Amino acid sequence: MAIQANALPPSLVAELNEMKRRLTALERKPKLGSVNERLPFGSTQSPSLEGTEGADFIHSLGIINSTGLNQPVLLCSIPFHIPWGTSAALDVSVTLWIRDMVTGGKTREITITKADDTSPGGFTRNITFTWRHPQPVGFDDPNVYKGFAVEYRVNNRVDFGGESLTVGVGDPLLITGIPDGTYAEESTDGNPRIDGGLTPTAVS
């Protein structure tokens, strides 16, 4: 029987195939998602959140394009403000969360009411998420396109000055991926909080 002199060991063939798979993954991924690199976001919202009031109605503020995200934690900061009437904050309320469009997983919900107004009133505050999200990342990510939806419910509206008003929410000020273990506030439920600070973990 003839000996095939150029035959490769099965282990080497498997290694070469894995390298080819990784190179293909790198070639098709846009160069997004590095640490501290802002992820794209799209929205067509007005200053006062749009949408029908009620628990049965879910609305979208916009979509975070996470294609190419290669970090396991999503850091996101979203500005909001409470509208005022003649002399006090209006009795408005919304509930907001972030949903992974790949797995369907979502953060814990956070509800904003007039009690979350600033003193003096009417100034902008921020909702902060540090979500150890469920989206696949790295070489094991088979998705060509990925995204996170920022979603909400309008719990209460108030008619004032000829307008139907609720909590005003703007485009996210900060959207980026960070390594797991960067901040103490990271959580699998997103740990949504108002004006949330970030506590760097101790470096060993």
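Summary of the structure given here. (Residues numbered from 1 in each chain as written. Predicted model: local features only at pLDDT ≥ 70, side-chain atom pairs only at ≥ 80, totals over all residues. Heavy atoms only, no water.)

1. Quick notes on the overall build of the chain
Item 1. When helices and strands are counted, the chain shows one helix and twelve strands.
Item 2. When the elements of the chain are put in sequence order from the N terminus, they spell out α-β-β-β-β-β-β-β-β-β-β-β-β.
Item 3. Looking at the chain residue by residue over its 204 residues, the buried ones come to 40%.
Item 4. Within the chain, contacts between residues separated by at least 24 positions form 77% of all contacts whose residues are at least 6 apart in sequence.
Item 5. Taken as a whole, the chain presents about 11,100 Å² of accessible surface, with 56% of it coming from carbon and sulfur. (Helix = DSSP H or I, 4+ residues; strand = E, 2+ residues; numbered from the N terminus. Buried < 20%, exposed > 50% of the residue type's maximum accessible area, 1.4 Å probe, protein only. Contact = heavy atoms within 4.5 Å. Areas by Shrake-Rupley, 256 points an atom, 1.4 Å probe, with all protein chains shown as cover.)

2. Some thoughts on the pairing of strand β4 (residues 93-100)
Remember that side chains alternate between the two faces of the sheet whenever the strand is regular.
Item 1. For β4, the tally of buried residues reaches seven of eight residues, placing the bulk of the element in the interior.
Item 2. Sheet topology note: the β4/strand β5 (residues 110-113) ladder contains four bridges and is antiparallel. By the bridge assignment, Leu 96 is partnered in β5 with Ile 110.
Item 3. Where β4 meets strand β7 (residues 147-156), eight bridges bridge the pair, whose relative direction is antiparallel. Residue Val 94 lies in a different strand from β7, and its bridge partner there is Val 154. (Pairing = 2+ DSSP bridges.)

3. Details of the packing of aromatic side chains
Item 1. Counting across every chain of the model gives one aromatic pair.
Item 2. The ring of Trp 97 has Lys 106 lying over it, and the distance from NZ or CZ to the ring centre is 4.6 Å. (Phe/Tyr/Trp six-rings, centres within 6.5 Å; stacked < 30°, edge-to-face > 60°. Lys NZ or Arg CZ within 6 Å of the ring centre and 35° of its normal.)

4. A short note on the side chain of His 59
Item 1. Within the secondary structure, His 59 is located in strand β2 (residues 59-65).
Item 2. Side-chain polar atoms of His 59 contact the backbone oxygen of Thr 52, separated by 3.0 Å.
Item 3. Filtering out sequence-adjacent residues up to four positions away, His 59 remains in contact with Glu 50, Gly 51, Thr 52, Val 150, Glu 151, Tyr 152 and Val 154. (Polar contact = N/O pair within 3.5 Å; in protein donor to acceptor, adjacent residues only side chain to side chain.)

5. Let's talk about the side chain of Glu 185
Item 1. Mapping Glu 185 onto the fold places it in the loop between β11 (174-178) and β12 (193-194).
Item 2. With no salt bridge to any partner, buried Glu 185 finds its closest opposite charge in Arg 193, at an N-O distance of 4.7 Å.
Item 3. One polar contact links Glu 185 to Thr 199, side chain to side chain, over a distance of 2.6 Å.
Item 4. Beyond its immediate sequence surroundings of up to four residues, Glu 185 is in contact with Thr 130, Asn 191, Arg 193, Gly 197, Leu 198 and Thr 199. (Lys, Arg positive; Asp, Glu negative; His and termini not counted. Salt bridge = Lys/Arg side-chain N within 4 Å of Asp/Glu carboxyl O.)

6. Comments concerning the environment of Gly 121
Item 1. Within the secondary structure, Gly 121 is located in the loop between β5 and β6 (125-132).
Item 2. Separated by 37 residues in the primary sequence, Gly 121 and Trp 84 place their C-alpha atoms 7.7 Å from one another.

7. Comments concerning the environment of Phe 80
Item 1. Tracing the backbone shows Phe 80 in strand β3 (residues 73-81).
Item 2. Excluding residues within four positions of it along the chain, Phe 80 makes contact with Ile 112, Asp 116, Phe 123, Thr 124, Arg 125, Asn 126, Ile 127, Val 167, Gly 168, Val 169 and Ile 194.

8. Section: unusual backbone geometry
Item 1. With a phi angle near 45 degrees, Asn 191 is a residue other than glycine that sits in the positive phi range.
Item 2. Residue placement: Asn 191 occurs in the loop between β11 and β12.

9. Overview of a nonpolar patch on the surface
Item 1. On the surface, Leu 12, Leu 16 and Met 19 cluster together to form a nonpolar patch covering roughly 260 Å² of accessible area.
Item 2. Along the chain, Leu 16 turns up in helix α1 (residues 10-28). (Patch = residues over 30% accessible without salt bridge, like charges linked within 9 Å, V, L, I, M, F, W, Y side chains within 5 Å.)

10. Quick notes on the pairing of β3
Item 1. Along β3, eight of the nine residues are buried, which leaves the element largely enclosed by surrounding structure.
Item 2. Two strands pair when backbone bridges link them, and β3 and β6 are joined in this way by eight bridges, in the antiparallel orientation. Bridged to Ile 78 within β6 is Ile 127.
Item 3. Taken together, the five bridges between β3 and β11 define a ladder with antiparallel strand orientation.

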